[in-house]
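# Structural features, examined
Given next are the chains, with one letter for each unit.
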Amino acid sequence: RAGGPRLSATTIVDVRVSLGLGGPRVFRRPLGGRATSRSLLPHRLRHPSSTKTSVAVASATCSGDGSQMNVSSSTGRALTIQSHVVSGYVGNKCAVFPLQLHGFDVDPILSVQFSNHTGYGCWKGEVMTGEQLQSLVEGLEQNGLLEGYTHLLTGYIGSASMLRTVARLVRKLRTYNPNLVYVCDPVLGDNGRLYVPAELTTIYREEIVPLATLLTPNQFEAELLTGMTIGSEEDALAACASLHQAGPPSVVLTSLDLDHSASSSSTITLLGSTSQPQAERCGQRFRIVVPRIPSYFTGTGDLCAALLLAWTAKMPDKLGRAAEMAVASLQGVLRRTAAAQAVAEAAGKTGIGCRELRLVNSVDELLHPKITEEVTWLD
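Just so you know, these numbers come straight off a predicted model, no measurement behind them.

## Examining the environment of T75
Positionally, T75 belongs in the loop between α1 (52–60) and β3 (76–85). Sequence spacing of T75 and H102 is 27 residues, and the spatial spacing of their C-alpha atoms is 7.6 Å. Excluding residues that lie within four positions of it along the chain, T75 makes contacts with H102, G103 and F104. A polar contact of 3.3 Å, which involves the side chain of T75, links it to the backbone oxygen of H102.

What follows is the structure, encoded as structure tokens:
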């Protein structure tokens, strides 16, 4: 700025906001060297006792208005609460990137943080508690950062305390935005096996499902939530109707093994239903049957829920068409992943890491999917 101090060509100017110290401070740092002034807060959240005073200052002064920082993009702003892995693709690692590609500002909260997903021989990491989630919510609210969310996406939640905190969060977010879209993937288990404590089924049924805008259970989860056995398309539609009565106006059963044809073992059925009015030539109930790709994948349900959020935001009154695009994207990612697995196996690599979704390599499939399996209307 004219009249300001002159800096040498080997100096980086780093402007930082110092909490409680009267505004921004300028740090001059020679290239390759240390900053000449120390940051107020330590880099790590788990801090030694010598930094407790600084942390107390930060906590006491975090009541500023940051609402303008949380203005959503033209597509929307999504808060996504689900698992995270350092290496690999499940949970938020399957959701954040696709949503950002589709134009969303995305704020992830990590319900667990693991080194890798649990399909590996071992894993390390930590599980978030309801109290920790509540602390994050309070920090966002005190800074006016809960006001801009248009969408909430939840996936794996591992404890009753955290799930109940999610229910409170949904209600709080709707005080700021009554039109908040809540896409709930009720991760309970698959193929007859629970992934979470059994008590979470009741909490989902009584406290979470009534709040959802779009519910995306698999077959096993839909059976747990409704108490019904799903063995046919009629059963699946009846389960959707039961879930509508519980609250969600839209339901997509993301993976069904049905007995409607002799080829059912080689296909997977996605079935959807909505009680909301739909655009012309779009029914309220539909199915999409896709070929089963003969390989092992993880994170497909997480990716499917994120894609349904993205495409329904673009086609809010065309749930079947949005599901058609989401399925096309998902199948495209899986085909690319299967091809990469084949190349790895041909080179003698057979570890589970070779089976991770090739998400970053699938930008075209995520944004411009080729529809090979069309929706069938059931109305």
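## A closer look at the sheet that holds strand β13 (residues 285–291)
In a beta sheet, neighbouring strands pair by backbone hydrogen bonds and run either parallel or antiparallel. As summarised here, the arrangement of the 10 strands in space is β5-β4-β3-β6-β7-β10-β11-β12-β13-β14, forming an open sheet in which the pairing is mixed. Single-partner strands in this sheet number two, and they are β5 (125–127) and β14 (376–377). One ladder, built from 2 bridges, connects β13 with β14; its direction is antiparallel. By the bridge assignment for β14, F286 is matched with W377. Strands in contact with helix α4 (residues 160–176) are β3, β4 (104–114), β6 (151–154) and β7 (181–184); relative to β3, the strand with the most contacts, it is inclined by about 170°.

## Here we look at the environment of P186
Relative to the helices and strands, P186 resides in the loop between β7 and β8 (189–190). C-alpha separation for the pair P186 and L200, spaced 14 residues apart in sequence, amounts to 9.6 Å.

## Here we look at helix α3 (residues 130–142)
The terminal C-alpha atoms of α3, which comprises 13 residues, lie 18 Å apart, in line with the 18 Å expected from a rise of 1.5 Å per residue. Burial in α3 covers these residues: G130, L133 and V137. Taken around the axis of α3, the buried residues stretch over an arc of 65°, which confines them to a single face. Looking at the buried side of α3, the elements it contacts are β3, β4 and α4. After α3 finishes, the residue G144 shows a positive phi value of roughly 70°.

## Some words on unusual backbone geometry
The phi angle at N191 is positive, at roughly 50°, despite the residue not being glycine. Note on placement: N191 falls in the loop between β8 and β9 (193–194). Taking the relative accessible area as the measure of exposure, N191 reaches 68% and is therefore exposed. Despite not being glycine, R281 has its phi angle at roughly 70°, a positive value.

## Here's the deal with the packing of aromatic side chains
Going through the model one piece at a time under the given rule, you end up with 2 aromatic pairs. With a centroid separation of 6.4 Å and 35° between ring planes, the pair formed by F114 and W123 is classed as tilted. Ring geometry for F286 against W377: centres 6.2 Å apart, planes inclined by 80°, an arrangement best described as edge-to-face. Placement of the pair is F286 in strand β13 and W377 in strand β14, with a sequence separation of 91 residues. For F286, a relative accessible area of 0% gives the class buried. Here K93 stacks its cationic end above the ring of Y89, 5.2 Å away from the centre of that ring. Just above the ring of W311 sits the side chain of K314; from NZ or CZ to the centre is 4.8 Å.

## Quick notes on the pairing of β6
Going residue by residue along β6, you find H151 and L153 tucked away on one face and L152 and T154 tucked away on the opposite face as well. The pairing of β3 with β6 spans 4 bridges and is classified as parallel. From the neighbouring strand, T80 faces β6, where its bridge partner is L153. As defined by bridge partners, β6 adjoins β7 across 4 bridges and the pair is classed as parallel. Bridging across to β7, L152 finds its partner in Y182. Since β6 and β7 lie parallel, the crossover through α4 that links them has a hand, and here it is right-handed.

Rules used throughout
Residues numbered from 1 in each chain as written. Predicted model: local features only at pLDDT ≥ 70, side-chain atom pairs only at ≥ 80, totals over all residues. Heavy atoms only, no water. Helix = DSSP H or I, 4+ residues; strand = E, 2+ residues; numbered from the N terminus. Contact = heavy atoms within 4.5 Å. Polar contact = N/O pair within 3.5 Å; in protein donor to acceptor, adjacent residues only side chain to side chain. Pairing = 2+ DSSP bridges. Axes fitted to C-alpha atoms, helices over the stretch in contact; angles between N-to-C directions. Expected span 1.5 Å × (residues − 1). Buried < 20%, exposed > 50% of the residue type's maximum accessible area, 1.4 Å probe, protein only. Arc of directions from axis to C-beta. Phe/Tyr/Trp six-rings, centres within 6.5 Å; stacked < 30°, edge-to-face > 60°. Lys NZ or Arg CZ within 6 Å of the ring centre and 35° of its normal. Right-handed = clockwise from strand over helix to strand, strands pointing away.

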